Amino acid sequence: MNPSYLILDFDNTIVQGETMDDLARISLSNNPEREAVISEIKKTTALGMSGAMPFDESLSKRLALLHAHTSHLEKLVPSLKEKIDPSVIANTEFFKRHTDNIYIVSGGFKSVIDQVLEELPFYKDHIFGNAFTFDNDGWIIGADEENPLSQQHGKCILLESLNLGGSAAIVGDGMSDAELKLKGLADFFIAYTGHVEREPVIMHADETAASFDEVIHQIEGWE
């Protein structure tokens, strides 16, 4: 496989875990129902990632449960930096060589992703994610509904709008990543299994990879 572009997911691909699960642990730290709420958020995340629940429904349900503030986001970023996949860091030179042709498309939040990856060679204008909406006191009240990534099939809408041309390889752990291949917007789908394995996703994959060493091997034409 020698793609023109490499499209990467963020949660459970570039970083271990889901951003909103981590944010919940921070924002609900003093909530007596913390464990039950986090469990519900994780359940909703899994349903959305496996395709059992529409992504927009999964997103809105999780945001409603978070009760998160801008101050919590300040704690989230360093936490996620510690969870960057070691094989991403080990292959920094590869990403540096191919920065022009790498995009990150995530159902997570761009403001967070930009900060987590600020020391890695990814262009900020090649990073696409959702945007939080806040009330006047800084509490998160939702996601920007005009952003296509907040919608069902959002990654497909976003990637189609980029009109990149050429061939694309997708790397991710969720059904929204697999969907890009299923809908003809990508030529090759690698299910990333380094942090989580979702059978409904893997069944649609051309290959699986448990590290970015394996991803790079599978697109060896880039080397």
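Here goes a summary of the coordinates provided. (Residues numbered from 1 in each chain as written. Predicted model: local features only at pLDDT ≥ 70, side-chain atom pairs only at ≥ 80, totals over all residues. Heavy atoms only, no water.)

Observations regarding the pairing of strand β6 (residues 168-172)
If a strand is regular, its side chains alternate between the two faces of the sheet.
Phase 1 of the analysis: Counted residue by residue, β6 has 5 buried out of 5 residues, so it is predominantly covered.
Phase 2 of the analysis: Bridge count between strand β1 (residues 5-8) and β6: 4 bridges; the pairing is parallel. Bridged to L8 within β6 is V171.
Phase 3 of the analysis: Of the strand pairs in this sheet, β6 and strand β7 (residues 188-192) are connected by 4 bridges, and their pairing is parallel. (Buried < 20%, exposed > 50% of the residue type's maximum accessible area, 1.4 Å probe, protein only. Helix = DSSP H or I, 4+ residues; strand = E, 2+ residues; numbered from the N terminus. Pairing = 2+ DSSP bridges.)

Remarks on the pattern of salt bridges
Phase 1 of the analysis: With the rule as written, the count across this model stands at 12 salt bridges.
Phase 2 of the analysis: Among the ionic pairs, E35 bridges to R34, the shortest N-O distance being 2.7 Å.
Phase 3 of the analysis: The partly exposed category is assigned to R34, whose relative accessible area is 24%.
Phase 4 of the analysis: Measuring nitrogen to oxygen at the nearest pair gives 2.8 Å for the salt bridge that ties D206 to K181. Taken together, the residues D206 in the loop between α10 (199-202) and β8 (207-209) and K181 in helix α9 (residues 175-182) connect sequence positions 25 residues apart. (Salt bridge = Lys/Arg side-chain N within 4 Å of Asp/Glu carboxyl O.)

Quick word on the layout of surface pockets
Phase 1 of the analysis: Here the largest pocket defines a volume of roughly 390 Å³.
Phase 2 of the analysis: Residue lining of the largest pocket: 28 residues in total, with G48, M49, F55, M175 and S176 positioned closest to the centre.
Phase 3 of the analysis: Of the residues that constitute the lining of the largest pocket, the class distribution is 9 nonpolar, 11 polar and 8 charged.
Phase 4 of the analysis: Here the second largest pocket defines a volume of roughly 200 Å³. (1 Å grid on protein atoms, 1.4 Å probe; cavity = no way out; pocket = protein on both sides within 12 Å on 5 of 7 lines; lining within 4 Å. Points joined across faces, edges and corners; volume = space filled by probe spheres on them. Nonpolar A, V, L, I, M, F, W, Y, C, P; charged D, E, K, R; others polar.)

Comments concerning the nonpolar core
Phase 1 of the analysis: With 50 residues, the main nonpolar core has L8, L63, V112, V116, L117 and F122 as its most contacted residues.
Phase 2 of the analysis: Discounting chain neighbours no more than four positions away, the residues touching L117 are F10, I14, I84, I104, F122 and I127.
Phase 3 of the analysis: Residues L149, A178, A186 and I202 belong to the second largest nonpolar core, which totals 18 residues. (Core = buried A, V, L, I, M, F, W, Y, C linked by side-chain atoms within 4.5 Å. Contact = heavy atoms within 4.5 Å.)

A few points about the sheet that holds β6
Phase 1 of the analysis: On the basis of which strands lie adjacent, the open sheet formed by 6 strands has the order β3-β2-β1-β6-β7-β8 and parallel pairing. With partners counted over all chains shown, the strands left at the sheet margins are β3 (127-130) and β8, one partner each. Across the sheet, the axes of successive neighbouring strands diverge by a mean angle of 20°, strand direction being ignored.
Phase 2 of the analysis: Helix-sheet contacts for helix α8 (residues 154-162) involve β1, β2 (102-109), β3 and β6, and the interaxial angle to β2 is about 145°. (Axes fitted to C-alpha atoms, helices over the stretch in contact; angles between N-to-C directions.)

With respect to unusual backbone geometry
Phase 1 of the analysis: In this structure, N12 is a non-glycine residue whose phi angle is positive, near 55°.
Phase 2 of the analysis: Examined against the element boundaries, N12 turns out to sit in the loop between β1 and α1 (19-27).
Phase 3 of the analysis: N12 gets classed as buried once you look at its relative accessible area, which sits at 7%.
Phase 4 of the analysis: Even without glycine at this site, H153 takes up a positive phi of about 65°.
Phase 5 of the analysis: Along the polypeptide, H153 turns up in the loop between β5 (140-143) and α8.

Some remarks on helix α4 (residues 70-81)
Phase 1 of the analysis: Spanning 12 residues, α4 covers 18 Å between terminal C-alpha atoms, matching the ideal 16 Å at 1.5 Å per step.
Phase 2 of the analysis: All of the buried residues along α4 are H72, L73, L76, V77 and L80. Looking straight down α4, one finds that the buried residues subtend no more than 145° of arc, so they occupy a single side. What points out from α4, more than 90 degrees from its buried face, is the exposed set E74 and K75.
Phase 3 of the analysis: Where α4 is buried, its residues touch α1, α7 (110-116), β4 (132-134) and β5. (Expected span 1.5 Å × (residues − 1). Arc of directions from axis to C-beta.)

Considerations on the environment of E93
Phase 1 of the analysis: On the secondary structure map, E93 appears in helix α6 (residues 92-97).
Phase 2 of the analysis: On the accessibility criterion, E93 (46% relative accessible area) is partly exposed.

By themselves, these observations are geometric and do not establish any function.
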